[in-house]
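# A look at the structure
For reference, the chains in residue letters:
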Amino acid sequence: MAGYEDFINTKYKPKSTDLLVSFKVKIPKGVKKEKAIGAVASESSVGTWASTVKGSEYSHVKKVAGTVYFVTQESPTSYWTKIAYPQDHFEPGNMSQILASIAGNVFGMKAVDGLRIEDIKWPAKIRDSFPGPQFGIDGIRKIFKVKKRPLLLSVPKPKVGMTTPEHCEIGRQIWSGGIDLLKDDENLSSQKFNPFEKRVRTAVKIRDRIEKETGDKKSYLINITHSSYKEMEKRAKLIADLGWEYVMIDIVTTGFSGVHSVRELCQDLGLAIHAHRAMHASFTRNPDHGFSMLALAETSRLLGVDNIHIGTAGVGKLVGTSDEVLSIQDHITGKKVKENKKLRTLGEDWGRIKPVFPVSSGGLHPGVLPDVMKKMGTNIMIQAGGGIHGHPGGSHAGAIAVRQAVEAYLDGETLDERARKVPELQQALTLWGKKHIK
Ligand code: CAP
Ligand code: MG
């Protein structure tokens, strides 16, 4: 292989055993597109800048090189390209290695002005080297004996600072108001005002009481996020010992190895995994550079989380357009997914890998829930923090308002119709209306 250009072969027909990556590439002024795009395939597979390296000519090295097989110009400086990597380039079951190739040094190359991974298509051998979710959507629904309606989550607000009794009292209020799952916030772990062990032990007693009173299953997404795996293991074991169903982890701040290891642990402990994606936007938000949320969601499905936050399809307070969010939803719930040229996504066949429960969250309140369900359907989880605890009647009333907004939608009633019968919903609508939060 003499130079970067040699990594381009638009006549190449990708094999079913190839791992495919869809990239958006921005070319710097004065750089030939062949050089820039070839550099992406080279640096993300076997190559280096020095075309005189001897091993580049070895046929066994060429066999595991990336090949640019598709290039199309989208603007004067921007190209959509697809690269095929033979599956033997990768170590099956090792997400950290796979990403060190396709999403590694290549993002920092001067040969490109911007580079974004839009999507990854996984060959069966690599796909099946990962466990996927232990429970998936059906397994989670079975735990709660809730067949059709969205499962409802609530995170106490303020995010952190409240004491353990204050936090758990909010749990009592939302559970008894009709919410299925209490949830820790992404930055609550075990601070001195609300230590982990005290929180989970206190909450378990409240849960038992509320389950008896309501006859419904109640659970808690308990954040075990820690930069030490040993500490996450200790916390997950306590959760299992106390008879909870779930751990929650911040998948980006704990990293791919953290997620993989927690998934193995949760197999042994029989726990489901709630994936919070805090920090994802540092690399998913820029349309010209980074690693897309879709790609992150797919790696998370393979690694085996049961739920993942994917956004609100434009309704809530955080970025993520309708198109993007619905495409992520398709890719994490579907069995076979078609490619979408407009979004530069690739098709997928998920084989035996179970679907992940999509979580819609961020700036949601009763008045906007019909909009969320119209877009995302009802096979989702809906999370409301501020939209419950900011209710004028407090968290219990806020929980009733959210549950009733969802029930009204399922019953084919408008929010205003239901609000005539449910004062808590009326109060929420009076305060927030049906406004999308900016
Ligand atoms: C929502 C939330 C969640 C975000 C995460 C927050 O609170 O607890 O962490 O939804 O974003 O801290 O913002 P509110 P995403 O319900 O009060 O908005 O779901 O997009 O990953
Ligand atoms: Mg949060």
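Here is a short report on the structure shown in this document. Since this is a predicted model, take the numbers as computed values, not measurements. (Residues numbered from 1 in each chain as written. Chains lettered and ligands numbered in written order. Predicted model: local features only at pLDDT ≥ 70, side-chain atom pairs only at ≥ 80, totals over all residues. Heavy atoms only, no water.)

### A look at the packing of helix 6 (residues 164–176) against helix 15 (residues 395–410)
Two numbers describe a pair of packed helices, the interaxial angle and the distance between the axes. Closest axis-to-axis distance for the helix 6/helix 15 pair is 7 Å, and the angle between their directions is 30 degrees. In terms of crossing hand, the pair formed by helix 6 and helix 15 is right-handed. Where helix 6 approaches helix 15, its residues Ile170, Gln173, Ile174 and Ser176 are matched on the opposing element by Ser395, His396 and Ala399. Here the residues of the contact of helix 6 with helix 15 are counted per class, giving 3 nonpolar, 4 polar and no charged. (Axes fitted to C-alpha atoms, helices over the stretch in contact; angles between N-to-C directions. Helix = DSSP H or I, 4+ residues; strand = E, 2+ residues; numbered from the N terminus. Left-handed = near helix turned anticlockwise from the far one by under 90°. Contact = heavy atoms within 4.5 Å. Nonpolar A, V, L, I, M, F, W, Y, C, P; charged D, E, K, R; others polar.)

### Let's talk about the packing of helix 9 (residues 251–269) against helix 11 (residues 293–303)
Helix 11 packs onto helix 9 with a crossing angle of 25 degrees between their chain directions and a minimal axis gap of 9 Å. Relative to helix 11, helix 9 is oriented roughly parallel. Seen along the crossing, helix 9 lies across helix 11 with a hand that is left-handed. The residues of helix 11 that touch helix 9, namely those facing Ile251, Val252, Phe256, Val259, His260 and Arg263, are Leu296, Thr299, Ser300 and Leu303. (Parallel < 35°, antiparallel > 145°, perpendicular 65-115°, else oblique.)

### Concerning the coordination of the magnesium ion (ligand 2)
Distances from the magnesium ion (ligand 2) to its protein donors, namely Asp185 (OD) and Glu186 (OE), fall within the range 1.9 to 2.0 Å. By relative accessible area, aspartate 185 is classed as buried at 2%. (Donors = N, O, S within 2.8 Å, 3.2 Å for Na, K, Ca; no water. Buried < 20%, exposed > 50% of the residue type's maximum accessible area, 1.4 Å probe, protein only.)

### Details of the pairing of strand 2 (residues 67–75)
The pairing of strand 2 with strand 3 (residues 78–86) spans 7 bridges and is antiparallel. Residue pairing in the sheet places threonine 72 in a bridge with tryptophan 80 of strand 3. Connecting strand 2 to the next strand, strand 3, in antiparallel fashion are 2 residues. (Pairing = 2+ DSSP bridges.)

### A short note on the side chain of asparagine 194
Along the chain, asparagine 194 turns up in the loop between strand 6 (181–183) and helix 7 (196–214). For asparagine 194, a relative accessible area of 1% gives the class buried.

### Re the nonpolar core
One recurring pattern in soluble globular proteins: nonpolar side chains tend to sit buried together. One finds Leu19, Trp244 and Ile308 to be the most contacted residues of the largest nonpolar core, which totals 110 residues. At 7 residues, the largest contribution of residues to this core is made by helix 11. Two domains each provide a minimum of three residues to this core, namely domain 1 (4–127) and domain 2 (136–432). In this structure, Ile140, Tyr246, Met248 and Met381 belong to the second largest nonpolar core, which totals 15 residues. (Core = buried A, V, L, I, M, F, W, Y, C linked by side-chain atoms within 4.5 Å. Domains from an automatic or database assignment.)

### Side note on the site of ligand 1
Surveying the vicinity of ligand 1 reveals 17 residues, the closest of which are Lys159, Arg277, Lys317, Ser361 and Gly363. Aspartate 185 has a polar side-chain atom sitting 3.2 Å from an oxygen atom of ligand 1. Between ligand 1 and glycine 363 there is a distance of 2.7 Å, counted from an oxygen atom to a backbone nitrogen or oxygen. For the shell around ligand 1, a count of residues per class yields 3 nonpolar, 8 polar and 6 charged. (Near = heavy atom within 4 Å. Polar contact = N/O pair within 3.5 Å; in protein donor to acceptor, adjacent residues only side chain to side chain.)

### Some remarks on unusual backbone geometry
Residues lysine 157 and proline 158 are joined by a peptide bond in cis, for which omega reads 0 degrees. Topologically, proline 158 is positioned in the loop between strand 5 (151–154) and helix 6. Here the phi dihedral of lysine 145 falls at roughly 50 degrees; this positive angle occurs in a residue that is not glycine. Tracing the backbone through its elements, the reader meets lysine 145 in the loop between helix 5 (136–144) and strand 5. Given the relative accessible area of 75%, lysine 145 is considered exposed. Within the chain, arginine 344 stands out as a residue other than glycine whose phi angle is a positive 60 degrees. For arginine 344, the position within the fold is in the loop between strand 12 (336–337) and strand 13 (348–349).

### What to know about the sheet that holds strand 11 (residues 307–309)
Read around the barrel, 8 strands follow the order 5-6-7-8-9-11-14-15 and close on themselves; strand pairing throughout is parallel. Mean inter-strand twist for the sheet, computed between neighbouring axes without regard to direction, equals 25 degrees. Pairing analysis gives 2 bridges linking strand 9 (residues 272–276) to strand 11, with the strands arranged parallel. Within the sheet, the bridge partner assigned to histidine 274 lies in strand 11 and is asparagine 307. The strands touched by helix 6 within the sheet are strand 5, strand 6 and strand 7 (219–223), with strand 6 carrying the most contacts at an inclination of about 150 degrees.

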